Amino acid sequence: MVRIADFQDVLKEPSIVLEKLRELSFSGLHASTAVRDGHRDVARAVLFSVQILLNYLPLERASWTSILAKQRGLYSQFLREMIIQPGIAKANMGVSREDVTFEDHPLNPNPDSRWNTYFKDNEVLLQIDKDVRRLCPDISFFQRATEYPCLLILDPQNEFETLRKRVEQTTLKSQTVARNRSGVTNMSSPHKNNAPPALNEYEVLPNGCEAHWEVVERILFIYAKLNPGIAYVQGMNEIVGPLYYTFATDPNSEWKEHAEADTFFCFTNLMAEIRDNFIKSLDDSQCGITYKMEKVYSTLKDKDVELYLKLQEQNIKPQFFAFRWLTLLLSQEFLLPDVIRIWDSLFADDNRFDFLLLVCCAMLILIREQLLEGDFTVNMRLLQDYPITDVCQILQKAKELQDSK
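Residues numbered from 1 in each chain as written. Predicted model: local features only at pLDDT ≥ 70, side-chain atom pairs only at ≥ 80, totals over all residues. Heavy atoms only, no water.

With an unreviewed UniProt entry as reference, the chain is termed TBC1 domain family member 13, source organism Myodes glareolus. Annotation of the chain in UniProt includes, under Function (unreviewed entry), the sentence "Acts as a GTPase-activating protein for RAB35. Together with RAB35 may be involved in regulation of insulin-induced glucose transporter SLC2A4/GLUT4 translocation to the plasma membrane in adipocytes." Annotation of the chain in UniProt includes, under Subunit (unreviewed entry), the sentence "Interacts with RAB1A and RAB10; in a GTP-dependent manner." (UniProt positions renumbered as here; feature names shortened; annotations may be inferred.)

S.K.: Explain the packing of aromatic side chains to me, and be specific about the residues and the numbers.
M.R.: The full count for this structure, using the stated rule, is 19 aromatic pairs. A ring pair is formed by Tyr223 and Phe267, whose centres lie 5.1 Å apart and whose planes are at 65°; its orientation type is edge-to-face. With Tyr223 in helix H10 (residues 212-226) and Phe267 in helix H13 (residues 259-274), this residue pair connects regions lying 44 residues apart in the sequence. Ring geometry for Tyr297 and Phe321: centres 6.3 Å apart, planes at 45°, overall tilted. One end of the pair, Tyr297, is in helix H14 (residues 289-303); the other, Phe321, is in the loop between helix H15 (305-313) and helix H16 (322-327), and 24 residues separate them in sequence. On the basis of relative accessibility, which here comes to 3%, the residue Phe321 falls in the buried class. Through pairs of rings, three or more aromatic residues link up here, namely Tyr297, Tyr308, Phe321, Trp325, Phe334 and Tyr386. (Phe/Tyr/Trp six-rings, centres within 6.5 Å; stacked < 30°, edge-to-face > 60°. Helix = DSSP H or I, 4+ residues; strand = E, 2+ residues; numbered from the N terminus. Buried < 20%, exposed > 50% of the residue type's maximum accessible area, 1.4 Å probe, protein only.)

S.K.: So what about the nonpolar core? Which residues, and what values?
M.R.: Core analysis: the biggest nonpolar cluster contains 123 residues, and Met236 and Phe267 have the highest contact counts within it. In terms of residue count, the dominant contributor to this core is helix H18 (residues 354-366) (11 residues). Apart from residues lying up to four places away in sequence, Met236 is in contact with Leu220, Tyr223, Ile230, Ala231, Phe267, Met271 and Phe278. (Core = buried A, V, L, I, M, F, W, Y, C linked by side-chain atoms within 4.5 Å. Contact = heavy atoms within 4.5 Å.)

S.K.: I'd like to hear about the packing of H14 against H18, residue by residue, with values.
M.R.: For the pair H14 and H18, the least separation of the axes is 9 Å and the interaxial angle reads 55°. Considered as vectors, H14 and H18 are oriented oblique to each other. Handedness of the H14/H18 crossing: right-handed. For the pair H14 and H18, the contacting residues are Lys292, Lys295, Val296, Thr299, Leu300 and Lys303 in the first and Leu357, Leu358, Cys360, Cys361, Leu364 and Ile365 in the second. Here the residues of the contact of H14 with H18 are counted per class, giving 8 nonpolar, 1 polar and 3 charged. (Axes fitted to C-alpha atoms, helices over the stretch in contact; angles between N-to-C directions. Parallel < 35°, antiparallel > 145°, perpendicular 65-115°, else oblique. Left-handed = near helix turned anticlockwise from the far one by under 90°. Nonpolar A, V, L, I, M, F, W, Y, C, P; charged D, E, K, R; others polar.)

S.K.: How would you summarise helix H2 (residues 18-27) if you had to cite specific residues and measurements?
M.R.: Owing to its 3.6 residues per turn, the α-helix brings residues three or four apart onto one side. Among the residues making up H2, those that are buried are Leu21, Arg22, Leu24, Ser25 and Phe26. Residue Gly28 follows H2 closely and has a positive phi angle near 95°.

S.K.: Please set out the pattern of salt bridges residue by residue, giving values where relevant.
M.R.: Overall, the coordinates contain 20 salt bridges when judged by the stated rule. Across the salt bridge formed by Glu214 and Arg164, the nearest N and O atoms sit 3.1 Å from each other. Here Glu214 is found in helix H10, whereas its partner Arg164 is found in helix H9 (residues 163-169), with 50 residues between them in sequence. For the pair formed by Glu214 and Arg164, the shared burial category is buried. Overlapping salt bridges bring together Asp304, Glu306, Arg368 and Glu369 as one network. (Salt bridge = Lys/Arg side-chain N within 4 Å of Asp/Glu carboxyl O.)

S.K.: Tell me about the environment of Phe376, residues and numbers included.
M.R.: Structurally, the position occupied by Phe376 is in helix H20 (residues 376-384). For Phe376, a relative accessible area of 38% puts it in the partly exposed group. Between the alpha carbons of Phe376 and Gln314 there is a distance of 5.9 Å; along the sequence they are 62 residues apart. If we skip the residues at most four places from it in the chain, Phe376 touches Gln314, Asn315 and Ile316.

Put into structure tokens, the structure is as follows:
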């Protein structure tokens, strides 16, 4: 068990020793009972560790306050430029007949048209909205109202079109952004309830309130606007969800209040490292998802050749299960607290997610007897609805595989 005092000793140094922080995080701060009890000191250590390991905060403590203020101010600017101002512009579009006739109108084919941009953004927004509404259906957190709604967005004096209003008012049909690659037909675990309720099935929050999923929606929409090359791909919601949950449930009100901005930058930094998994054109490159899936099998062949040959004999390809495991960092295979515990170790990996390949291999080896006895149908069910819930056992096995190299 990691001692909280060890984390505190590392984090109070003027310059953080990264290797020591990695070592402690790898062992799992979230395994502590104090985390489950909402211990304030533990939560603070969790936040700082995540932010440092995801390169949001530097190693020099003296600069943390100024950097946080700068980044949070920058995020407020993103809100004004990408949500508030377009919302105001949309409300004003078409008010003047002269403007509609000579400058811009909904049928304007010019790619620089504000309407053209608006409609394209809507296609992305509708997909984001569909995905974030069903985020982590096993818990109610994302459906509940946040304690710190965005005042810039919910100012009672403004009447501009918010993202939620855009979704509710638009009649456009979204073009799917999901990438069905390598025989994968879904990005979600079958043991989780993925059916999104209709819009009117959600509890209507009072004016001035917003649900946590709406905050996640903004984060993803702004990310898509700032990164048009990749925009939004289904599954990104499963990456941002655990990060936002970690910040938004902190006992410290300051971190809760700025959870949206802090999550955005941590998510952006994390996506900079794993975004190749979401880019179809890179699938078959050395940095693409196909290479990583094959690496899981080559590692398995090295560690357990009998099991490897059994899966090969049954023609169970890694893309049938490892695609989701790797792309979503196992966020669909386990419940949220366990996902966060796994991420403690993944973020601490100095080779940046090489350990994830070993975790996937360990997951296979831990159910080897069932896989060796099962036929194709049984084994596919095992792999797509993974039966072991003890993530500490999985991480321990992965560490053994790492040490046996």
